[in-house]
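Tertiary structure, described
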Protein chains: 2
Amino acid sequence: MAASDTGQDATEATDRKRGVGARMVYDILRDEILDLVLLPGEPVDEAGLAERFAMSRTPVREALVRLAGEGLVTMLPNRSTVVAQIDFPNLYAFFDALTLMYRVTTRLAAEFHEAGDLALVEGRQAAFSKAVLAGDTAGMITCNRDFHVAIAEAGRNSYYTQLFIRLLDEGRRILRMYYYPNFEARLPHPYIVEHEAIIAAIRARDVTLCDSLATEHADKIVRQIQDMIARDRRQHVPL
Amino acid sequence: MAASDTGQDATEATDRKRGVGARMVYDILRDEILDLVLLPGEPVDEAGLAERFAMSRTPVREALVRLAGEGLVTMLPNRSTVVAQIDFPNLYAFFDALTLMYRVTTRLAAEFHEAGDLALVEGRQAAFSKAVLAGDTAGMITCNRDFHVAIAEAGRNSYYTQLFIRLLDEGRRILRMYYYPNFEARLPHPYIVEHEAIIAAIRARDVTLCDSLATEHADKIVRQIQDMIARDRRQHVPL
DNA sequence: ACGAAAAATCTTGTCGACAAACTTAATGCT
DNA sequence: AGCATTAAGTTTGTCGACAAGATTTTTCGT
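Figured I'd write up the structure that's included with this text. Residue numbers restart at each chain and count upward from 1, following the sequence in its written direction. All chains are assigned letters beginning with A, and all ligands numbers beginning with 1, in the order in which they are written. Only residues with pLDDT of at least 70 get local features here, since the model is predicted, and only at 80 or more are side-chain atom pairs given and counted; chain-wide, interface and lining totals rely on the full set of residues. Only hydrogens and water are set aside; all other atoms, that is, all heavy atoms of the structure, feed into the side-chain values.

Here's the deal with the environment of F128(B)
All names here are of chain B. What counts here: We count a stretch as a helix when DSSP gives it H or I for four or more residues in a row; a strand needs E for two or more, and each element gets its number in order from the N terminus. For every residue, the accessible area obtained with a 1.4 Å probe (protein chains only) is divided by the maximum for its type, and the residue is called buried under 20%, exposed over 50%, and partly exposed between those limits. Working rule for contacts: check all heavy atoms of both residues, and any pair within 4.5 Å makes them a contact.
Among the structural elements, F128 can be located in helix α5 (residues 117-133). The exposure class of F128 is buried, given its relative accessible area of 1%. Remark: the alpha-carbon pair of F128 and R145, spanning 17 residues in sequence, is separated by 9.2 Å. When residues no more than four places from it in sequence are discounted, the contact partners of F128 are M140, C143, N144, Y191, I192 and H195.

This is how it looks when you write it as structure tokens:
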């Protein structure tokens, strides 16, 4: 009976707890946007989502407002809401900010990490390694994110952490767009080694080393993304 | 007849245009929070605001959700919404991020400013000078903010600009809290000189000079805030 | 048949109402 | 009287409905 519905993810138990609706829609939509299930520019219909999640438009709208606040959707006044475009013309700004946040958060982690922080970081690193060895591309992207977020949180500066999270998630969208078609099994392994080096430098509280390791790490990732984009452009625009 | 109402700012013309309600509440509440008209921890009642602005609770709620997304209010689930507290224990993180954004935005402005950008910056500087000479403390705070935001926009990195705006506005709250009681007419003038030096360095595209000037400027402001807090603490907590 | 005006349709923004969860006041028990 | 329990009163979260604005389709004139 419950298996009869046609793939919608509206909870079968229609009575949700109060105050969970908006958060649920927010989380799911966020994931779908970052995983490119919802493509940039795609319209997001409030009534459709309301029906899909079996709730009123009010909590759906609240979720959209929050997503708009984070720049993940664009609400056109009196017109539709659309998934935010990836700002390719300004990718340089993205790479610049991403690199700086890699550096700053790693430095601060070396300075301010406390007992227990490194255990969490190492847990994230273990998950990342597992995803790499399993060849799980999507898992690699999110585990890498979680690894660096754990480092940022050890640095205890929420301003940096929040911006970093936003940048890493935006990067998730970009990677999702290019990584699947050009998968190379050889690539990920260096990241594992670099992550281990970063952990060691943080533990040694070596700020200078953390800075240079993070800079290298960031530059490598930026170069990889740029290569993927360039390769993709060569494929699509032969000229 | 219109003058009879008791100081409420609900528009007398009750028919607003569609789609303006939420934005209006958002702007006004934001200003009131940053100007400490609404004090940190103060509860924000949806029904009360709805009555005050002569509209339904729906647009009010949308404004509150957006403010919560920026961290200006805290929505306690199923309980009241309160104005966000100033995170005094982590002021160090605030100063660190503020200083870095001063540096980074000024550097990027030197690198990437285009024709017309400096005119806007100089306009903001003129407004700042005027506020200083008039002894208008509140105007100084906002004009200083606008000056540095114009520089950040000339740097053309919206990630930095957005974080910087958030930090400058959070600083506005802190300054509002301490600046009025300890006003000193002597203090502001050095800022005008420093601003002029920064403009010149940006125009000369001297990145290194911009970095050092911005660092000095930021350190001075940070020290000023710390002094004000320390002085205030001495007054209030005599030990 | 082509283009412009008008009508129909769709989507959003706002509203008033209701019920759940929390807060406060009142009641009862030891 | 003091504390736990219950009842009343707020305040929020969600709902269905309606109207303004935009989009699409239809109609009409040349």
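Next, the rest of the story.
Brief notes about the packing of helix α4 (residues 91-112) of chain A against helix α7 (residues 158-178) of chain A
Residue and element names in this part refer to chain A. Going by this rule: For helices, the axis comes from a line fit to the C-alpha atoms of the stretch in contact; other axes are also lines fit to C-alpha atoms, and the angle between any two N-to-C directions lies between 0 and 180 degrees. An angle below 35 degrees is read as roughly parallel, one above 145 as roughly antiparallel, one from 65 to 115 as roughly perpendicular, and any other as oblique. Handedness of a crossing follows from how the near helix is turned relative to the far one, being left-handed for an anticlockwise turn of less than a right angle and right-handed for a clockwise one. Note on residue categories: nonpolar means Ala, Val, Leu, Ile, Met, Phe, Trp, Tyr, Cys or Pro, charged means Asp, Glu, Lys or Arg, and polar means any other residue, Gly included.
Interhelical geometry of α4 versus α7 gives an angle of 130° and a closest axis separation of 9 Å. As summarised for this structure, α4 and α7 are arranged oblique, according to the angle between their axes. Crossing geometry of α4 relative to α7 is assigned as left-handed. Touching L91, F94, A97, L98, M101, Y102, V104, T105 and L108 of α4 are Y160, L163, F164, L167, L168, E170, G171 and I174, all from α7. By residue class, the composition of the contact of α4 with α7 is 14 nonpolar, two polar and one charged.

A closer look at the nonpolar core
Just so we agree on the cut-off: Among buried residues, those of type Ala, Val, Leu, Ile, Met, Phe, Trp, Tyr and Cys that are joined through side-chain atoms within 4.5 Å constitute a nonpolar core.
Counting residues in each nonpolar core, the largest one holds 73 residues, and the members touching the most others are F94(A), Y102(A), L167(A), I225(A), F94(B), L167(B) and I225(B). Sequence-distant contacts of I225(B), that is, excluding residues within four places in its chain, are made with F95(B), I174(B) and L175(B).

Comments concerning the protein's contact with DNA strand D
Selection rule: If even one non-hydrogen atom of a residue comes within 4 Å of a molecule or strand, that residue is called near it. Identification of polar contacts relies on pairs of N or O atoms within 3.5 Å, with a donor-acceptor requirement for protein atoms, meaning one able to donate a hydrogen and the other able to accept it, and with residues adjacent in sequence counted only if both atoms are side-chain atoms.
Taken together, 21 residues lie around DNA strand D, and R18(A), S56(A), R79(A), R57(B) and R61(B) are the ones closest in. The sugar-phosphate backbone supplies 63% of the atoms of DNA strand D found within 4 Å of the protein. At 3.3 Å, a side-chain N or O of R18(B) approaches a base nitrogen of DNA strand D. Between DNA strand D and N78(B), the relevant distance is 3.3 Å, taken from a phosphate oxygen to a main-chain nitrogen or oxygen of the residue. Elements that contribute at least two residues to the surface near DNA strand D include exactly α3 (57-69) of chain A together with α3 (57-69) of chain B. For the surface near DNA strand D, the leading source of residues is α3(A), giving three residues. In terms of residue class, the surface near DNA strand D is made up of five nonpolar, six polar and ten charged.

Some points on the interface of chain B and chain A
Heads up, the rule is: Defined in terms of a 1.4 Å probe, buried area is the accessible area two parts forfeit on being brought together, summed over both. Definition used for salt bridges: Asp or Glu carboxyl oxygen within 4 Å of a side-chain nitrogen of Lys or Arg.
Listed as interface residues are 24 residues of chain B and, on the opposing side, 24 residues of chain A. Of all residues in chain B, V65(B), Y159(B) and Y160(B) give up the largest surface area on contact with chain A, accounting jointly for 27% of the area buried on that side. Counting across the interface, chain B meets chain A through two salt bridges. Close ionic contact of R61(A) with E62(B) constitutes a salt bridge, the shortest N to O distance being 2.8 Å. The tally of links between chain B and chain A comes to twelve residue pairs in polar contact (both at pLDDT 80 or more).

A look at the relation of the copies chain B and chain A
Our working rule: What sets the superposition is a least-squares fit of C-alpha atoms, and only residues with pLDDT of at least 70 in both copies go into it.
Of the transformation superimposing chain B on chain A, the axial component is 0.0 Å and the angular component is 180°, with the fit at an RMSD of 0.0 Å. What we have between these two chains is a two-fold relation. Most of the interface of chain B is mirrored in chain A: 100% of its interface residues are interface residues there too.

Looking at the sheet that holds strand β3 (residues 81-83) of chain A
Residue and element names in this part refer to chain A. Condition: Whether two strands pair depends on DSSP finding at least two bridges between them.
Pairing is antiparallel in the open sheet, where three strands are placed in the order β1-β3-β2. Unpaired on one side and paired on the other, β1 (43-44) and β2 (73-75) mark the two borders of the sheet. Across two bridges, β1 lies against β3 in antiparallel orientation. Across the sheet, V44 pairs through a bridge with T81, a residue of β3. Relative to the sheet, α3 contacts β1, β2 and β3, its axis offset from that of β2 by approximately 110°.

Thoughts on helix α6 (residues 137-155) of chain B
Residues and elements named next belong to chain B. Applicable threshold: To estimate how far a helix should extend, the number of its residues minus one is multiplied by 1.5 Å.
Relative to the 27 Å expected for 19 residues at 1.5 Å per residue, α6 spans 28 Å between its end C-alpha atoms, a close match to the ideal helical length. Of all 19 residues in α6, 15 are buried, a share of seventy percent or more. In the segment just after α6, R156 is the residue with positive phi, at about 60°.

Keep in mind that these numbers describe shape and distance, not what the molecule does.
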